[in-house]
Amino acid sequence: MVKILGVAGSPRERGNSSLLLDEALRGAKDAGAKTSKIILCNRDIYPCEGCGDCDKTGECTIDDGMDKIYNLTTSANGIILAAPIYFNSLNAQTKAFIDRHQCIWTRKVLLEEEVTDPATRHARRGLFLATAGANDPHAFDGALKVMNMFFAVLDIKYYERLLFFRIDRKGAIKKHPTALNDAYAAGEHLMVEIARSLGELAE
Ligand SMILES: Cc1cc2nc3c(=O)[nH]c(=O)nc-3n(C[C@H](O)[C@H](O)[C@H](O)COP(=O)(O)O)c2cc1C
């Protein structure tokens, strides 16, 4: 069964990006995926300390539960990450979560280990959902550079993005004419693409 992991990056519960995430997960689930969700603001994820311990072992020595999350981000067939734009980048909780994948980068690049299953790696896919308050389509440029690297480290070569600007107040996304439907459809599409790539759907 296709496993899709949602990551809610915003500190605002039921905020704009989280509402998009829930719709995308609903779309993926309705299309047949097994979905799960991590809400970053409900966890105390410490920022990377740059200690270099993982250079030798591939293991992070910060004891805050991220070890269980690595199992999820490396084993899910698809990852949907949703976050707000803060200061032209990802918000701090999301960036800390991403930075803490440094040990996965280390395993892969320095230690030359497999970080995902070689048998299903080709089917890994991502979806990035983001909202920004300003009237500026370039508000996402910095975040997209981060997401390119994050998904690449996790062996996700292809990812879709849904980016909504001029969405500021909590819940403003609900007034957008298509956003929630777009997110639902993107979640459905993600599931179908992965299943097709795994050979679980007829062409
Ligand atoms: C600290 C902070 C920094 C922000 N920086 C930006 C920014 O650089 N560009 C922008 O377009 N919006 C910015 N915003 C607005 C948020 O991106 C916007 O409100 C977004 O829809 C929030 O999504 P959420 O409800 O999922 O948290 C910022 C908001 C906060 C609180």
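A brief look at the structure comes next. (Residues numbered from 1 in each chain as written. Predicted model: local features only at pLDDT ≥ 70, side-chain atom pairs only at ≥ 80, totals over all residues. Heavy atoms only, no water.)

1. Quick word on the site of the ligand
Next, step 1: Around the ligand, a shell composed of 17 residues is seen, among which Ser10, Ser17, Ile85, Ile167 and Asp168 lie nearest.
Next, step 2: Within the contact set of the ligand, an oxygen atom lies 2.6 Å away from a side-chain nitrogen or oxygen of Ser10.
Next, step 3: Here the ligand, which alone exposes 650 Å², has 77% of that area covered by the protein.
Next, step 4: Those elements that provide at least two residues to the shell around the ligand are α1 (16–30) and β3 (78–86).
Next, step 5: It is β3 that contributes the most residues to the shell around the ligand, 3 residues altogether. (Near = heavy atom within 4 Å. Polar contact = N/O pair within 3.5 Å; in protein donor to acceptor, adjacent residues only side chain to side chain. Areas by Shrake-Rupley, 256 points an atom, 1.4 Å probe, with all protein chains shown as cover. Helix = DSSP H or I, 4+ residues; strand = E, 2+ residues; numbered from the N terminus.)

2. Topic: helix α5 (residues 102–110)
Next, step 1: Those residues of α5 not exposed but buried are Cys103, Ile104, Thr106 and Arg107. In a view along the axis of α5, the buried residues occupy a sector of 160°, so they form one face of it.
Next, step 2: Next to the buried residues of α5 lie α2 (54–57), α3 (66–75) and α6 (141–153).
Next, step 3: Positive phi shows up at Glu112, right after α5, with a value of about 55°. (Buried < 20%, exposed > 50% of the residue type's maximum accessible area, 1.4 Å probe, protein only. Arc of directions from axis to C-beta. Contact = heavy atoms within 4.5 Å.)

3. Topic: the nonpolar core
Next, step 1: Leu81, Phe97, Phe128 and Met147 are the most contacted members of the largest nonpolar core, which totals 35 residues.
Next, step 2: Elements supplying a minimum of two residues to this core: β1 (3–8), α3, β3, α4 (92–99), α5, β5 (125–131) and α6.
Next, step 3: The leading source of residues in this core is α6, at 7 residues.
Next, step 4: Grouped together as the second largest cluster of nonpolar side chains are 27 residues, Leu21, Ala24, Ala123 and Leu190 included. (Core = buried A, V, L, I, M, F, W, Y, C linked by side-chain atoms within 4.5 Å.)

4. Digging into the side chain of Thr106
Next, step 1: Relative to the elements of secondary structure, Thr106 occurs in helix α5.
Next, step 2: For Thr106, the contacting residues outside a window of four places in its chain are Cys54, Asp55, Gly58 and Leu111.

5. Details of the pattern of salt bridges
Next, step 1: If you walk through the whole model with that rule in mind, you get 9 salt bridges.
Next, step 2: Salt-bridge contacts for Asp22 lead to Arg14; the nearest nitrogen and oxygen are separated by 3.2 Å.
Next, step 3: Note on Asp22: relative accessible area 24%, which makes it partly exposed.
Next, step 4: We note a salt bridge from Arg121 to Glu114, for which the minimum N-O separation is 2.4 Å.
Next, step 5: The partly exposed category is assigned to Arg121, whose relative accessible area is 25%.
Next, step 6: Take Glu114: its relative accessible area is 54%, and that puts it in the exposed class.
Next, step 7: Ionic contacts of the salt-bridge type, sharing partners, join the residues Lys108, Glu114, Arg121 and Asp155 into one network. (Salt bridge = Lys/Arg side-chain N within 4 Å of Asp/Glu carboxyl O.)

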